Amino acid sequence: MSETRSDGELLRAVAADADRRAFEELYRRYAPWLRARLRGRCADPGVVDDVVQETFLAVWRGKARYREEGDVAGWLWRIGSRRLVDALRGDGARGRLRQALARLRHRDEASAEERVLAGVEHGDLAGALVRLSPELRAVLQATVIDGLTTREAAVLLGIPPGTVKTRAMRARKQLREALT
């Protein structure tokens, strides 16, 4: 039996040698986790599957470079979440409608995030969240719900870390004002 390679070893083998076995091992290790995580953001399994494939295709083709900073799961999540945002933006209103309908079909499979948000969906917090600008809501989504650091949220949203901090502060202030 062969020794299990570390994530870094697998990524180096994929990048340097186009090692198919290393790629397959990396895929088996992380694709189910990434798929489950993306399902928390998108109820359409077809879109989620496409995004997972696009994420790993970017790794295989070398379009996404791992700089050995942080863990591989976080790196893959950043790639996948950006690809998901791109996919959902491309669909526009039709995609949002399909996602809403898919959520209704999968009510019994609610993610932890959906259960938490459902608890405040009809309360004062839901109304206050809706009144936030999309930019402020995106920062809260990335930092609070997804648990990303300021730097990770900045990469995900394509804005400077200082802007993430400022928007988070503004969002918290507006929520406090709306709830008091």
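Worth saying up front: this structure is predicted, and the values here are computed from it rather than measured.

A.B. asks: Describe the overall build of the protein chain, listing the residues and the values that go with them.
C.D. replies: Scanning the protein chain from N- to C-terminus turns up 9 helices and 0 strands. From first element to last, N terminus to C terminus, the protein chain shows the α and β order α-α-α-α-α-α-α-α-α. Put simply, 58% of the contacts in the protein chain that link residues at least 6 apart link residues at least 24 apart. Entry remark: accessible area of the protein chain is about 11,300 Å², with carbon and sulfur atoms responsible for 52%.

A.B. asks: Give a description of the nonpolar core that names residues and reports values.
C.D. replies: Counting residues in hydrophobic clusters, the biggest one holds 34 residues, and the most contacted among them are Leu26, Leu38 and Phe56. If you list the elements that add at least two residues to this core, you get helix H1 (7-17), helix H2 (20-39), helix H3 (45-61), helix H4 (72-105), helix H7 (134-145), helix H8 (150-157) and helix H9 (161-179). Apart from residues no more than four positions distant in its own chain, Leu38 is found in contact with Val48, Val51, Val52, Trp77, Gly80, Ser81 and Leu84. Ala128, Leu136, Ala171 and Leu175 belong to the second largest nonpolar core, which has 6 residues in total.

A.B. asks: Please provide a residue-by-residue account of the side chain of Arg78, values included.
C.D. replies: When you line up the elements, Arg78 lands in helix H4. When sequence neighbours within four positions are dropped, the list of residues in contact with Arg78 reads Glu152, Val155 and Leu156.

A.B. asks: I'd like to hear about the packing of H1 against H2, residue by residue, with values.
C.D. replies: Packing of H1 against H2 leaves a shortest axis separation of 8 Å and a crossing angle of 135°. Here H1 lies oblique to H2, going by the angle between them. Regarding H1 and H2, the two cross each other, and that crossing is left-handed. Of H2, the residues touching H1 (which contributes Asp7, Leu10, Leu11, Ala13 and Val14) are Ala22, Phe23, Glu25, Leu26, Arg29 and Tyr30.

A.B. asks: Kindly report on H7, identifying the contributing residues and their values.
C.D. replies: Of all the positions in H7, only Leu136, Val139, Leu140 and Ala142 are classed as buried. Phi for Gly147, located one or two positions after H7, is positive at around 70°.

A.B. asks: So what's going on with the confidence of the model for the protein chain? Which residues, and what values?
C.D. replies: Taken as a whole, the protein chain shows an average pLDDT of 78; of its residues, 75% reach a score of 70 or greater. Per-element confidence in the protein chain is highest for H2, whose mean pLDDT is 91, and lowest for helix H5 (residues 112-120), whose mean pLDDT is 52.

A.B. asks: Just give me the short version of the packing of aromatic side chains, but keep the residues and values in it.
C.D. replies: Counted under the stated rule, the structure contains 3 aromatic pairs. Taking the centre distance of 6.3 Å and the plane angle of 75° together, the rings of Phe23 and Phe56 count as edge-to-face. With a gap of 33 residues between them, Phe23 in helix H2 and Phe56 in helix H3 connect regions that are remote in the sequence. Residue Phe56 is classed as buried on the basis of its relative accessible area, which comes to 1%. Both rings, one in Tyr27 and one in Phe56, keep their centres 4.9 Å apart while their planes meet at 70°; by these two values the pair is edge-to-face. Separated by 29 residues along the polypeptide, Tyr27 in helix H2 and Phe56 in helix H3 bring together distant segments of the chain. Joined through ring pairs, the aromatic side chains of Phe23, Tyr27, Phe56 and Trp60 make up one cluster. Here the guanidinium or amino end of Arg37 rests over the ring plane of Trp77, the centre of that ring lying 4.2 Å away.

Criteria and thresholds
- Residues numbered from 1 in each chain as written.
- Predicted model: local features only at pLDDT ≥ 70, side-chain atom pairs only at ≥ 80, totals over all residues.
- Heavy atoms only, no water.
- Helix = DSSP H or I, 4+ residues; strand = E, 2+ residues; numbered from the N terminus.
- Contact = heavy atoms within 4.5 Å.
- Areas by Shrake-Rupley, 256 points an atom, 1.4 Å probe, with all protein chains shown as cover.
- Core = buried A, V, L, I, M, F, W, Y, C linked by side-chain atoms within 4.5 Å.
- Buried < 20%, exposed > 50% of the residue type's maximum accessible area, 1.4 Å probe, protein only.
- Axes fitted to C-alpha atoms, helices over the stretch in contact; angles between N-to-C directions.
- Parallel < 35°, antiparallel > 145°, perpendicular 65-115°, else oblique.
- Left-handed = near helix turned anticlockwise from the far one by under 90°.
- pLDDT = per-residue confidence, 0-100.
- Phe/Tyr/Trp six-rings, centres within 6.5 Å; stacked < 30°, edge-to-face > 60°.
- Lys NZ or Arg CZ within 6 Å of the ring centre and 35° of its normal.

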